[in-house]
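# Observations on the three-dimensional arrangement
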Amino acid sequence: SMATAGRRVMQVSLEDMRTSCILRAISQRSLVALSDLITGTAPETHKQLARVAAKDIADLGDRWLVRDDLPAGKFSKLLAEVQRVHDKTPIDFLIVDYLQLCRDTTTRYAGRVEELDAIVNSLCAFARENRIAALLCAQLNRSATDHRPRPHHLRGSGNIEHASHKIVILEP
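Heads up: these notes are all about the structure in this document. (Residues numbered from 1 in each chain as written. Predicted model: local features only at pLDDT ≥ 70, side-chain atom pairs only at ≥ 80, totals over all residues. Heavy atoms only, no water.)

## Here we look at the overall build of the chain
Quick note on the threshold: Secondary structure counts use DSSP, requiring at least four H or I residues in a row for a helix and at least two E residues in a row for a strand, with both numbered from the N terminus. Whether two residues are in contact is decided by their heavy atoms, any of which lying within 4.5 Å being enough. The protein chains shown are the only cover counted for residues, whose accessible areas, like all others here, come from Shrake-Rupley with a 1.4 Å probe.
The helix and strand tally for the chain stands at six helices and four strands. Reading the chain from its N end, one meets helices and strands in the order β-α-α-α-β-α-β-α-β-α. Residue pairs in contact within the chain that sit at least 24 positions apart in sequence constitute 62% of those at least 6 positions apart. Element-wise, carbon and sulfur atoms account for 52% of the exposed surface of the chain, whose accessible area totals about 10400 Å².

Here is the structure:
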């Protein structure tokens, strides 16, 4: 991960609580099933791997900042807080999980697609102006389940395709 390489990462989770994000990171780093971590049913050898992973993650300190307390319904406040954190100690990588939960209540839009376009443009401009990488997680439309998903299947995709340098679609 970028944080272990000495880069500063800010993850804004609009869906999951901070503890869930950290548990997922421990699971991923230790290769112990998340369900075993949650239920406590992991064998002792796996628990030891998870403890080592948890220590490694704790050692990241402020290089991995997970925020689950930012108001998704007030995108301008969310962006202002990210800017405040960046101004105090510059971040190298911003993760927003997930995009469609963001709302911009400061402006009236013709529809949700236009609102998401404005949010995507704002986040892209922020990343460009501050010279940071950004990963915006987005949800697919349900129609994508009928066939192989494509970028136009991103829910409210309007400008997401056009503003992105790269789109990666993860399939189960």
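## Thoughts on helix H4 (residues 75-88)
Note the following rule: Helix span, as expected, comes to 1.5 Å for every residue beyond the first.
The end-to-end C-alpha distance of H4 is 20 Å, a good match for the 20 Å that 14 residues give at a rise of 1.5 Å each. Against the buried residues of H4 lie strand E1 (9-13), strand E2 (64-67), strand E3 (93-97) and helix H5 (112-130).

## What about the pattern of salt bridges?
Threshold: A pairing counts as a salt bridge when a side-chain nitrogen of Lys or Arg comes within 4 Å of a carboxyl oxygen of Asp or Glu. Residue burial is assigned from relative accessible area. The probe radius is 1.4 Å, only protein chains are included, and a residue is buried under 20% of its type maximum, exposed over 50%, and partly exposed in between.
Here the structure, examined in full by the defined rule, presents eleven salt bridges. The partner of Glu44 in a salt bridge is Arg51, with the nearest N and O atoms 2.6 Å apart. Ionic pairing is found between Asp69 and Arg67, a salt bridge with its closest N-O pair at 2.8 Å. Classification of Arg67 by relative accessible area gives buried; the value is 15%. Look at the salt bridges and you will find they share partners, linking Arg67, Asp69, Glu81 and Arg84 into a network.

## Some words on unusual backbone geometry
Even without a glycine there, the phi angle at Leu31 is positive, about 65°. As for its placement among the helices and strands, Leu31 is situated in the loop between helix H1 (18-30) and helix H2 (34-39). Backbone geometry places Arg131, a non-glycine residue, at a positive phi of 55°. Note that Arg131 resides in the loop between H5 and strand E4 (133-137).

## Quick notes on the sheet that holds E1
What counts, and what does not: Two strands are said to pair when DSSP picks up at least two bridges between them. Axis lines are fitted through C-alpha atoms, for helices just across the contact stretch, and the angle between N-to-C directions can take any value from 0 to 180 degrees.
Judged by pairing direction, the sheet is parallel, and its four strands sit side by side in the order E2-E1-E3-E4 without closing on themselves. The strands lining the two open edges of the sheet, one partner per strand, are E2 and E4. In this sheet, neighbouring strand axes are inclined to one another by 10° on average, regardless of whether the strands run parallel or antiparallel. Relative to E2, E1 is paired through four bridges, and the arrangement is parallel. Within E2, the residue paired with Val9 across the bridge is Trp64.

## Here we look at the packing of H4 against H5
What counts, and what does not: Reported orientations rely on four angle classes, namely roughly parallel under 35 degrees, roughly antiparallel over 145, roughly perpendicular from 65 to 115, and oblique for the rest. Throughout, the ten residues Ala, Val, Leu, Ile, Met, Phe, Trp, Tyr, Cys and Pro are labelled nonpolar, Asp, Glu, Lys and Arg are labelled charged, and all others, Gly among them, are labelled polar.
Two elements in contact, H4 and H5, have axes separated by 11 Å at closest approach and are oriented at 10°. Judged by the angle between their axes, H4 and H5 are roughly parallel. Within the contact between the two elements, H4 uses Phe75, Leu79, Val82, Gln83 and His86 and H5 uses Ile119, Ser122, Leu123, Phe126 and Asn130. For the contact of H4 with H5, the class distribution of residues is six nonpolar, four polar and no charged.

## Observations concerning the environment of Thr105
If you trace the backbone, Thr105 turns up in the loop between E3 and H5. Judged by its relative accessible area of 53%, Thr105 falls in the exposed class. Residues Thr105 and Phe75, 30 residues apart in the sequence, show an inter-C-alpha distance of 7.3 Å. With residues up to four places along the chain from it excluded, the contact list for Thr105 reads Gly73 and Lys74.

## Focus: the packing of H1 against helix H3 (residues 44-58)
This is how it is decided: Left-handed describes a crossing whose near helix is turned anticlockwise from the far helix through less than a right angle; right-handed describes the clockwise counterpart.
Between H1 and H3, the least distance of the axes is 8 Å, while the angle of their chain directions is 120°. With respect to each other, H1 and H3 are oriented oblique. At the point where H1 passes H3, the crossing takes the right-handed sense. Residues Ile22, Ala25, Ile26, Arg29 and Ser30 of H1 touch H3, and the partners they reach there are Leu49, Ala50, Ala53, Ala54, Asp56 and Ile57.

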